[in-house]
Amino acid sequence: MYNHQEIEKKWRIIWDKTKIDQVKLDNKKPKFYALDMFPYPSGVGLHVGHPKGYVATDIIARQKRMQGFNVLHPMGFDAFGLPAENYAIKTKTLPQVQTKKNVEIYKKQLEQFGCTYDWSREVNTTDPAYYKWTQWAFVQMFKQGLVYESHAPINWCPSCQTGLANEDVEDGKCERCGAVVEKKPLRQWVIKITDYAERLLNDLDQLPEWEESIVQMQKNWIGKSEGATIKFKVKSSPARNASRSDAGGKLKDYELEVFTTRPDTIFGCTYLVVSPEHKLIENLEAGIWNLEEVKKYIDGVKNKSDLERTDLNKDKTGVELQGVKAINPASGEELPIFVADYVLPDYGTGAIMAVPAHDERDFEFAQKYGLEIRQAVKSDGDKKFIKLKVHKVYKVEDELFCGDGTVINSDFLNGLKTPEAKEKMMAWLEEKELGRRQVHYKLNDWVFSRQRYWGEPIPLIFCASCAEKVKSSKLKVESKGEQLNPGWFVDENLPITLPEVDHYEPTGTGESPLANIDEWVNTTCPHCGGPAKRETNTMPQWAGSSWYYLRYCDPHNDKELISKKAEKYWNPIDFYIGGAEHATRHLIYARFWHKFLYDSGVVSDIEPFRKFRQVGLILAEDGRKMSKRWNNVINPDEMVERFGADALRVYEMFMGPFSQATAWNTNGMTGARKFLDKVYNLKLKVKSLKLKEITPIQSLLHKTIKKVSHDIDNLALNTVVSALMILVNAMGDEEQIAQGDYEILLQLIAPLAPHLSEELWHELGHSSSVFCSAWPVADEALLKDEIVTMVVQVNGKVRANLSVPADAEQKDIEEVAMADERVKNWLADKKIVKVIYVKNKLINFVINAKNAN
RNA sequence: GGACCAGUGGUGGAACUGGUAUACACGCAACACUUAAAAUGUUGUGCCUUAACUGGCAUGUGGGUUCGAUUCCCACCUGGUCCACCA
């Protein structure tokens, strides 16, 4: 048993003093950039799940350093944002103060795990010297017209009292606090991330070293669908019994655009649906005979939360717009129009052509309201694609078919297969100017405003008088952003610092708490010098984390976000590790931000993260997620104290495949610790004399070198540990161990268990760190076994094992194999039809199957 | 409903491009050491059969390809993750 507390403390102090992890840009050396997703210091500290990812990155960083790479392995803190602010409110402290405290706690914990970072490069998103560049990037986006002010209804969290991006909503609830999210119209800043949708999608192909599942998630989130927008003429006649004064007037023609991915089914369209928010209703008020009913329906929908509204189990509801008809551009037929909340306002055009025979939702709606269901596609196979919802009982059984097939009942499209019909219909629409090809994405523009205090101030100023002038074209403004957002100007005096205040609780009015600070809000217009006001919304948490990895490369540069030299040398990131929950948030935002910086000439790669691997969760011993609620949280500090950081590291890596969720088991910790004790005890067998002969251990040793090196690269750390265990067990069986062999063992274990390895390394007489030694390379000559075990099979079933010299001839093996008593019995008098021979592996006699049994 | 992933002993899991299934670890059992326990060490440990050799059966279920399938193909069942009235 070694004293882990003493040894670990000792080496942490020495590593810190010798600055072993500080790196400098060195063009003569190859670089390696190993990065973790930086944490936000939330006040409750780290649990055992956190170190899993950090330790893995630390292992890679240490190994790469030993392999001669100039390794950048930094850490920082994502300290802005809701959790930090909510925690500060709860504890009645200032977020600035609270954040500082939390960072200290996190740093101490991180160091205690034996992860050594280059702290001289630490970044903190709340540092004005850092967020100056977050604001700078935003300013560039604004100038290029990627930022716009919007008043559209967005997700609003009533508990956090702030607007949220789509990415922040999970299951209709606020990702932070779990409150049911409402739709609320709110003035907000929005970034046109959708301008990058196509590139965000296509460039995923440039990332072969990303896990497929993450790539898929991003593809789903971006959600590209190709189809057409089609124009339907709308006819209406004045309301018959309207009491309104304008009711008798002439009504204008109206065109309703719908988006569909199945233009080929247009002849099966039997009605149209618009979302309750659609402007058609406003525009045609005078022509809607049952306006009261329609308005009542819309009001009812507006009072529903998003969660209720999108509940799939609820009945579809809707109201027909009486007096209004649409004309099918293909058939000329008159169709009724409905308003229904199963059509979403913010996807496509907010209006659809309903084809109940070929769309499940339309089918359900048509069934309920007794609308015609008309076939336009026939299935090609025998299969009837009947989809029946479990909670519904449909009388008609064969009318719904959602797949590809052959077009029927459709005039000039008849007989065509679905893809050809789509193509022909789109060409027809384009020719007649009745529609066009259109691509839509599920990805929405990025709602970038938060009505909260603890975030980066948005560096914009509004001047009311300039706004008027821009609108009336009396004032020409330079940038696209200023044209797009009349009266808004950039404040270039970055950083725009967050003022220190006594009260920062959210106001709940849709205004940020900053709005109450007059001396901060009131300023002068950068354009005319007149009185103007600052933007009081702040940026979301994701802003600062979208580019932090660049800042580590050049953390103290006050002239630019990153110098060209540092950017060229350190980027892209070679290995990035973090949680899969960021697949559709941080990893999308960061890729977008990076691409924007690429377009702006700041960075030279189109993608920031060459290789990404997700960390699997560590579950509690009961198999559930660790949570205070279940009282099943394992405290890493306690584990480090009882078993040591090295044991914790070894155990967490050994638990199972890195990306997979695995349940914690404290018994496993004792296993990891026993292994380390064995390594420690082997020291007694070490003989300084180098043994001349090649021992069986050396063959295993070199195989282990090969396996460990290979598996670390692939992040197969569980098998790294097991390979080392096998080696250590074998060494334990030896009478004595050559010092050279033992040193190699220590080097292989060093990334996993740095403290113990360093201690033993020095006990052998080394004066420099084991991490300054060169990573061992397997000697190919020693990898080969002289004697191999071969398997003898009869008809594919194992019947005997043979120990034979390696690379023996097939003829000789056959002879030996057939001489074996057991094999003889199986072969007996049977005729050998075929012999399969795999060198050094197996020999398989195939005998006549009929006679064999 | 869709996308993706997974299903191997009592448990976590291993098995490279199809080639000895169950490595490694935990747990369990017996033994040793001990007054005793803990710790440590040794041995055993998929199921059935057998005193043993042996033989048979086993990688969610059912089929297929193959000399040979945990691995490849088809269908189904179960679980997980993400997305979801996205037209």
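A few points on the structure. These figures come from a predicted structure and were not determined experimentally.

1. Brief notes about the overall build of chain A
So, point 1. The secondary structure content of chain A amounts to 30 helices and 36 strands.
So, point 2. With the C-alpha coordinates of chain A rotated into their principal frame, the extents come out at 110 × 85 × 50 Å.
So, point 3. Here chain A, with 853 residues, has 54% of them falling under the buried criterion.
So, point 4. Approximately 38800 Å² of chain A is accessible, and the part contributed by carbon and sulfur atoms is 50%.
So, point 5. One way to put it: in chain A the 114 positive side-chain charges average out to a point 1 Å from where the 120 negative ones average out.

2. Re the nonpolar core
So, point 1. Residues Trp446, Tyr548, Trp664, Tyr742 and Leu745 are the most contacted members of the largest nonpolar core, which totals 174 residues.
So, point 2. Looking at this core element by element, the count peaks at nine residues for helix α24 (residues 717-733).
So, point 3. Setting aside its immediate chain neighbours within four residues, Trp446 contacts Ala165, Trp189, Val190, Ile191, Ile193, Pro540, Trp542, Ser546, Tyr589, Phe592 and Trp593.
So, point 4. If you look at the next biggest cluster of nonpolar residues, it comprises 54 residues, including Val258, Val273, Leu291 and Met353.

3. Focus on the environment of Asp733
So, point 1. By the secondary structure assignment, Asp733 is in helix α24.
So, point 2. Between the C-alpha atom of Asp733 and that of Leu682, which follows or precedes it by 51 residues, the distance is 10.0 Å.

4. A word on the side chain of Arg65
So, point 1. In this structure, Arg65 sits in helix α2 (residues 49-66).
So, point 2. Residue Arg65 is classed as buried on the basis of its relative accessible area, which comes to 15%.
So, point 3. Within polar-contact distance, the side chain of Arg65 engages the side chain of Asp21 at 2.8 Å.
So, point 4. Leave out the neighbours within four places in its chain, and Arg65 touches Ile20, Asp21, Val71 and His73.

5. Notes on the protein's contact with RNA strand B
So, point 1. Around RNA strand B sit 55 residues in total, of which Lys314, Lys316, Arg361, Gln660 and Asn844 are the nearest.
So, point 2. A share of 64% of the atoms of RNA strand B within 4 Å of the protein falls on sugar and phosphate groups.
So, point 3. Lys674 is positioned such that a nitrogen or oxygen atom in its side chain is 3.2 Å from a phosphate oxygen of RNA strand B.
So, point 4. The contact in question runs from a base nitrogen of RNA strand B to an N or O atom on the side chain of Gln793, over 3.1 Å.
So, point 5. For the surface near RNA strand B, the element with the most residues is α24, which contributes six residues.
So, point 6. Here the surface near RNA strand B is composed, by residue class, of 21 nonpolar, 22 polar and twelve charged.

6. Focus: the sheet that holds strand β5 (residues 147-150)
So, point 1. Spatially, the three strands line up as an open sheet ordered β5-β11-β22, and their pairing is antiparallel. Here the strands that pair on one side only, and so sit at the sheet edges, are β5 and β22 (446-447).
So, point 2. With two bridges connecting them, strand β11 (residues 188-191) and β22 associate as antiparallel partners. Bridging from a neighbouring strand, Val190 pairs with Val447 of β22.

7. As for helix α1 (residues 4-18)
So, point 1. In a regular helix each residue adds 1.5 Å, so 15 residues correspond to 21 Å; α1 covers 21 Å between its end C-alpha atoms and thus fits that length.
So, point 2. Residues of α1 that are buried: His4, Ile7, Glu8, Trp11 and Trp15. Relative to the axis of α1, the buried residues are bounded by an arc of 90° and lie together on one face. Facing away from the buried side of α1 by more than 90 degrees, the exposed set consists of Glu6, Lys9, Asp16 and Lys17.
So, point 3. In the core, the buried residues of α1 are packed alongside α2, α20 (636-643), α21 (645-654), α22 (666-682) and α26 (754-763).
So, point 4. Looking at where α1 begins, the residue whose side-chain oxygen comes 3.2 Å from the main-chain nitrogen of Gln5 is Asn3.
So, point 5. The first or second residue beyond α1 is Lys19, which carries a positive phi of 50°.

Basis of the calculations
Residues numbered from 1 in each chain as written. Chains lettered and ligands numbered in written order. Predicted model: local features only at pLDDT ≥ 70, side-chain atom pairs only at ≥ 80, totals over all residues. Heavy atoms only, no water. Helix = DSSP H or I, 4+ residues; strand = E, 2+ residues; numbered from the N terminus. Buried < 20%, exposed > 50% of the residue type's maximum accessible area, 1.4 Å probe, protein only. Areas by Shrake-Rupley, 256 points an atom, 1.4 Å probe, with all protein chains shown as cover. Lys, Arg positive; Asp, Glu negative; His and termini not counted. Charge placed at Lys NZ, Arg CZ, Asp CG, Glu CD. Core = buried A, V, L, I, M, F, W, Y, C linked by side-chain atoms within 4.5 Å. Contact = heavy atoms within 4.5 Å. Polar contact = N/O pair within 3.5 Å; in protein donor to acceptor, adjacent residues only side chain to side chain. Near = heavy atom within 4 Å. Nonpolar A, V, L, I, M, F, W, Y, C, P; charged D, E, K, R; others polar. Pairing = 2+ DSSP bridges. Expected span 1.5 Å × (residues − 1). Arc of directions from axis to C-beta.

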